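Each chain is listed here by its residues.
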2 protein chains.
Amino acid sequence: MNSKNDRQTTQQERIDSLLSDQGINLTRQRRVIADTLFARNQHLTADQLFEMVKQAGARVSKATVYNTLGLFVKKGLVREIFIDANRTFYDSNTSHHHHFYNVDTGDLIDIKERLAPHFVNHELPAGTAMDVVDLVIRVRNSHP
Amino acid sequence: MNSKNDRQTTQQERIDSLLSDQGINLTRQRRVIADTLFARNQHLTADQLFEMVKQAGARVSKATVYNTLGLFVKKGLVREIFIDANRTFYDSNTSHHHHFYNVDTGDLIDIKERLAPHFVNHELPAGTAMDVVDLVIRVRNSHP
DNA sequence: AACCAATTTATAACTATTCTAAACACCTAC
DNA sequence: GTAGGTGTTTAGAATAGTTATAAATTGGTT
Ligand SMILES: [Mn+2]
Ligand SMILES: [Mn+2]
Ligand SMILES: [Zn+2]
Ligand SMILES: [Zn+2]
């Protein structure tokens, strides 16, 4: 067993326990989807992820990509970002952060700083609890 | 001419100049859509607005509702709020404010306070200018 | 009236997402 | 090993919000 295999095994174990820790059963499809998605911090559409998984040589249906993304969102492994009526991104980085969206280029960029305020329960509508704070700063090219 | 008619005339004149000031030609359809939408501060889907206009006795096609909303958005008379992949709201209040969205009930509520930070150009991605700051606090019912 | 540009309209097209029901995978019991 | 069961995947259909198309209508101008 060389060091390359060691690293791969370790990375696979990380992905596996990421899913297992959330009570997600391991399957070939969920593993390859998670491998692709969690390889780095990125914002992908379902279709982009589908294409990347295909590119990696795996046979996974688009329905499974949607099912799995929905499952990951429910388990808190991934964050949905609704940009407009026909553009949903999935963010592999679930830590508290916000986004710039360039309406001209379609680029979605992380904002490092914590811009949105903290909420305490009594500031929320009665009988509700915080789910998530979605802050999107829409920008356009200055000289189009 | 009684005071009721005075008021109606005045209100119609307000709507007319709201549109004219943006270089929008006045038509029967644009007037009834604007009357309905700008009657109060509210968040409506295209379909809700379409139904309200029908209810008011006017014959306006859904295509015209979409065309007119798109025109109003372009002219800055109305603000689009993208809640999820199949829920776009149109906000008749374009002043700087943000929203609570209850994922259980579907309610979209204004937040009075100014929560999101101000931006100056050098804080934005290079070569871009601010368009709009969209802040949505998603909440769920505490005891579902 | 004839003309013209802008607008509206019905309808089709598009597309992201969800649904459906059958096939498949994997495990356990016998 | 075979049967049975549960969870998962799959192709394809369905759904629904939105946009595009192209013909009809409107309202103003000569
Ligand atoms: Mn908190
Ligand atoms: Mn859609
Ligand atoms: Zn991000
Ligand atoms: Zn609002």
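These figures come from a predicted structure and were not determined experimentally.

Criteria and thresholds
Residues numbered from 1 in each chain as written. Chains lettered and ligands numbered in written order. Predicted model: local features only at pLDDT ≥ 70, side-chain atom pairs only at ≥ 80, totals over all residues. Heavy atoms only, no water. Contact = heavy atoms within 4.5 Å. Buried area = accessible area lost by both parts, 1.4 Å probe. Polar contact = N/O pair within 3.5 Å; in protein donor to acceptor, adjacent residues only side chain to side chain. Helix = DSSP H or I, 4+ residues; strand = E, 2+ residues; numbered from the N terminus. Nonpolar A, V, L, I, M, F, W, Y, C, P; charged D, E, K, R; others polar. Near = heavy atom within 4 Å. Donors = N, O, S within 2.8 Å, 3.2 Å for Na, K, Ca; no water. Buried < 20%, exposed > 50% of the residue type's maximum accessible area, 1.4 Å probe, protein only.

### A few points about the interface of chain A and chain B
Then comes step 1: In this assembly, 32 residues from chain A lie in contact with 32 residues from chain B.
Then comes step 2: Sorting the residues of chain A by area buried against chain B places A:Phe82, A:Arg138 and A:Arg140 first, and these three jointly supply 20% of that buried surface.
Then comes step 3: Connecting chain A to chain B are 16 residue pairs in polar contact (both at pLDDT 80 or more).
Then comes step 4: Where the side of chain A that touches chain B is concerned, the elements lending two or more residues are strand E2 (79–84), strand E4 (98–102) and strand E6 (128–141) of chain A.
Then comes step 5: With 14 residues, E6(A) is the largest single contributor of residues to the side of chain A that touches chain B.
Then comes step 6: Its residues placed into classes, the side of chain A that touches chain B shows 20 nonpolar, 6 polar and 6 charged.

### Quick look at the protein's contact with DNA strand D
Then comes step 1: Around DNA strand D, a shell composed of 14 residues is seen, among which A:Thr27, A:Gln29, A:Thr64, B:Tyr66 and B:Thr88 lie nearest.
Then comes step 2: Across the atoms of DNA strand D situated within 4 Å of the protein, the share located in sugar and phosphate is 82%.
Then comes step 3: One nitrogen or oxygen atom from the side chain of A:Thr64 is found 2.7 Å from a phosphate oxygen belonging to DNA strand D.
Then comes step 4: Secondary-structure elements contributing two or more residues to the surface near DNA strand D are helix H2 (28–37) and helix H4 (62–75) of chain A.
Then comes step 5: Counting residues per element, the surface near DNA strand D draws most heavily on H4(A), which supplies 3 residues.

### Looking at the coordination of the zinc ion (ligand 3)
All names here are of chain A.
Then comes step 1: Protein coordination at the zinc ion (ligand 3): the donors are His43 (NE2), Asp91 (OD), His97 (NE2), His99 (NE2) and Asp110 (OD), at 2.0 to 2.2 Å from the metal.
Then comes step 2: Sequence spacing of the donor residues for the zinc ion (ligand 3), all on one chain, is H-x47-D-x5-H-x1-H-x10-D. Of this pair, Asp91 sits in strand E3 (residues 87–91) while Asp110 sits in strand E5 (residues 108–111); the two residues are 19 residues apart in sequence, bridging distant segments of the chain.
Then comes step 3: A residue is classified by how much of its surface remains accessible, and Asp91, at 0% relative accessible area, is buried.

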